[in-house]
Amino acid sequence: MTRRFLPFIAALLSLMLLSSPAFAQDEASWDKQFQAQIREWMDAIASRDPQFKQWQDAKTDVQTLGAGQHQWLVSIKKGDKQVGYLVIGETPDSTSHEKFVLLEYGVGEYILFDDAFAPKEIAAEPVYDGFASYWLITQKSDTQMVNAKTGEMYPTSFQISEPAVDAFAGEQLVQNGQRLTQTRILSAAEADPFDHIGWVSQMSTTDTDVSWNQLWQQDYTSPVTLAVPIHQSQVLAPFVVGSLHLWNDQNAYVGVWDEGLRFVPYSYAHRVGRFFVNETSSPAE
């Protein structure tokens, strides 16, 4: 057999595998578990947090994020209206019993990787990395990033950072079967972080830190701001903290205002950014 026939034989074997009953059965089983997990988490959130009420009986659409990343964007619609999204990952050690994790979720009209803001270039690839998520445009020898939430195009000089979300173990994320058990609202209305800029002067200090217990237990008379440097600190992204979620009374997620509420794991937010309380006021006694 000559070498030139090997690619054809490999392709033929792959086609036979994909069309085999065993593969089709495994794929159907995986999809059934995946769809059931989507609905379980949607129902858990909508039943505990009134801000997500529109998720009840809403429709979903799924798209893959990146090549081989085992991450999916679930777009949630009620009628013709966009009402939120989920970002779901699959742990690398998943076998016959899939282990899905909830990387991020949000409520509102504007979702991550919205088609309305998507680059028109064919080579644009969605890359999920929490607050630093982007579309990657590859043209000849140049690459360029486009913000996955706003559609803002970054300069070609910007460098891509190592993904931060990959560094977190599955136990820090919501997994299969977990329920939203507690919620707390800090800022019920969408707020602009630049309406209160006390956090800006605090960024030069190193002794400011707001722990999860402080966020959860204390009553603040001014907004709490999360400031996140992204893309190797070439961009500073500040957000006002709106809500807090606690899953199974142990896995903490922080909801920030970003054209709607956007929830990420507290462990991730605390690692990539810093929480500030406006220095003109302090937690109530």
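Predicted, not measured: the structure shown is a model, and the values here were computed from it.

**With respect to the overall build of the protein chain**
For the protein chain, the helix and strand inventory stands at five helices and 14 strands. For the protein chain, the share of sequence-separated contacts (at least 6 apart) that also reach a separation of at least 24 residues comes to 60%. Here the protein chain has roughly 15,300 Å² of accessible surface; of this, 52% comes from carbon and sulfur atoms.

**Concerning the pattern of salt bridges**
The full count for this structure, using the stated rule, is three salt bridges. A salt bridge links Arg-184 to Asp-219, with the nearest nitrogen and oxygen atoms 2.6 Å apart. With Arg-184 in strand 9 (residues 180–185) and Asp-219 in the loop between helix 4 (212–217) and strand 10 (224–230), the pair connects residues that are 35 residues apart, well separated along the chain. For Arg-184, a relative accessible area of 16% gives the class buried. With a relative accessible area of 49%, Asp-219 lands in the partly exposed category. Salt-bridge contacts for Asp-258 lead to Arg-262; the nearest nitrogen and oxygen are separated by 2.8 Å. Note on Asp-258: relative accessible area 13%, which makes it buried. Several salt bridges share partner residues, and in doing so they unite Glu-104, Asp-258 and Arg-262 into one network.

**Re the side chain of Asp-129**
Looking at the element boundaries, Asp-129 is found in the loop between strand 5 (125–127) and strand 6 (134–139). It turns out Asp-129 is buried and unbridged, and the closest side chain with the opposite charge, Arg-262, is 9.3 Å from it. From its side chain, Asp-129 meets the backbone nitrogen of Ala-164 in a polar contact 2.8 Å long. The contact partners of Asp-129, leaving out residues within four places of it in the chain, are Glu-162, Pro-163, Ala-164, Val-165 and Tyr-268.

**So, a nonpolar patch on the surface**
On the surface, Phe-194, Ile-197 and Val-200 cluster together into a nonpolar patch covering about 300 Å² of accessible area. Along the chain, Phe-194 turns up in the loop between strand 9 and helix 3 (198–202). Accessibility expressed as a relative area gives 52% for Phe-194, which makes it exposed.

**A word on the environment of Glu-90**
Structurally, Glu-90 can be placed in strand 3 (residues 81–90). Among the residues examined, Glu-90 registers a relative accessible area of 15% and is labelled buried. Note: C-alpha distance between Glu-90 and Gln-175 (85 residues apart in sequence) is 9.6 Å. Here the side chain of Glu-90 touches Trp-30 through a polar contact of 3.1 Å, side chain to side chain.

**Points about the sheet that holds strand 5**
Across the sheet, three strands lie side by side as 5-6-7; this open sheet has antiparallel pairing. This sheet does not close on itself; its edge strands, each paired only once, are strand 5 and strand 7 (142–147). On average, adjacent strands in this sheet sit at an angle of 30° to one another, irrespective of strand direction. Bridging between strand 6 and strand 7 involves six bridges; their strand directions are antiparallel. Bridged to Gln-139 within strand 7 is Asp-142.

**Looking at the confidence of the model for the protein chain**
Any segment with low pLDDT has predicted coordinates that should not be analysed in fine detail. Mean pLDDT over the protein chain: 84, with 83% of residues reaching 70 or higher. Ranking the elements of the protein chain by mean pLDDT puts helix 1 (residues 6–18) last with 49 and strand 12 (residues 251–257) first with 97. Ignoring residues within four places in sequence, the model shows residues 1–13, a span with pLDDT below 50, making one contact including any to other chains. Scored below 50 in pLDDT, residues 281–285 makes seven contacts in the model with residues more than four places away or belonging to other chains.

**A look at a negative patch on the surface**
Residues Glu-190, Asp-192, Asp-195 and Glu-259 make up a contiguous surface patch of negative charge. Structurally, the position occupied by Asp-192 is in the loop between strand 9 and helix 3. For Asp-192, a relative accessible area of 38% puts it in the partly exposed group.

**Some words on the environment of Asp-114**
Position of Asp-114 among the secondary structure elements: in the loop between strand 4 (100–107) and strand 5. Each C-alpha atom of the pair Asp-114 and Ser-75 lies 8.9 Å from the other, and the pair is 39 residues apart in sequence. Excluding anything up to four places from it in sequence, Asp-114 contacts Glu-109, Trp-135 and Ala-148.

What counts and what doesn't
- Residues numbered from 1 in each chain as written.
- Predicted model: local features only at pLDDT ≥ 70, side-chain atom pairs only at ≥ 80, totals over all residues.
- Heavy atoms only, no water.
- Helix = DSSP H or I, 4+ residues; strand = E, 2+ residues; numbered from the N terminus.
- Contact = heavy atoms within 4.5 Å.
- Areas by Shrake-Rupley, 256 points an atom, 1.4 Å probe, with all protein chains shown as cover.
- Salt bridge = Lys/Arg side-chain N within 4 Å of Asp/Glu carboxyl O.
- Buried < 20%, exposed > 50% of the residue type's maximum accessible area, 1.4 Å probe, protein only.
- Lys, Arg positive; Asp, Glu negative; His and termini not counted.
- Polar contact = N/O pair within 3.5 Å; in protein donor to acceptor, adjacent residues only side chain to side chain.
- Patch = residues over 30% accessible without salt bridge, like charges linked within 9 Å, V, L, I, M, F, W, Y side chains within 5 Å.
- Pairing = 2+ DSSP bridges.
- Axes fitted to C-alpha atoms, helices over the stretch in contact; angles between N-to-C directions.
- pLDDT = per-residue confidence, 0-100.
- Charge placed at Lys NZ, Arg CZ, Asp CG, Glu CD.

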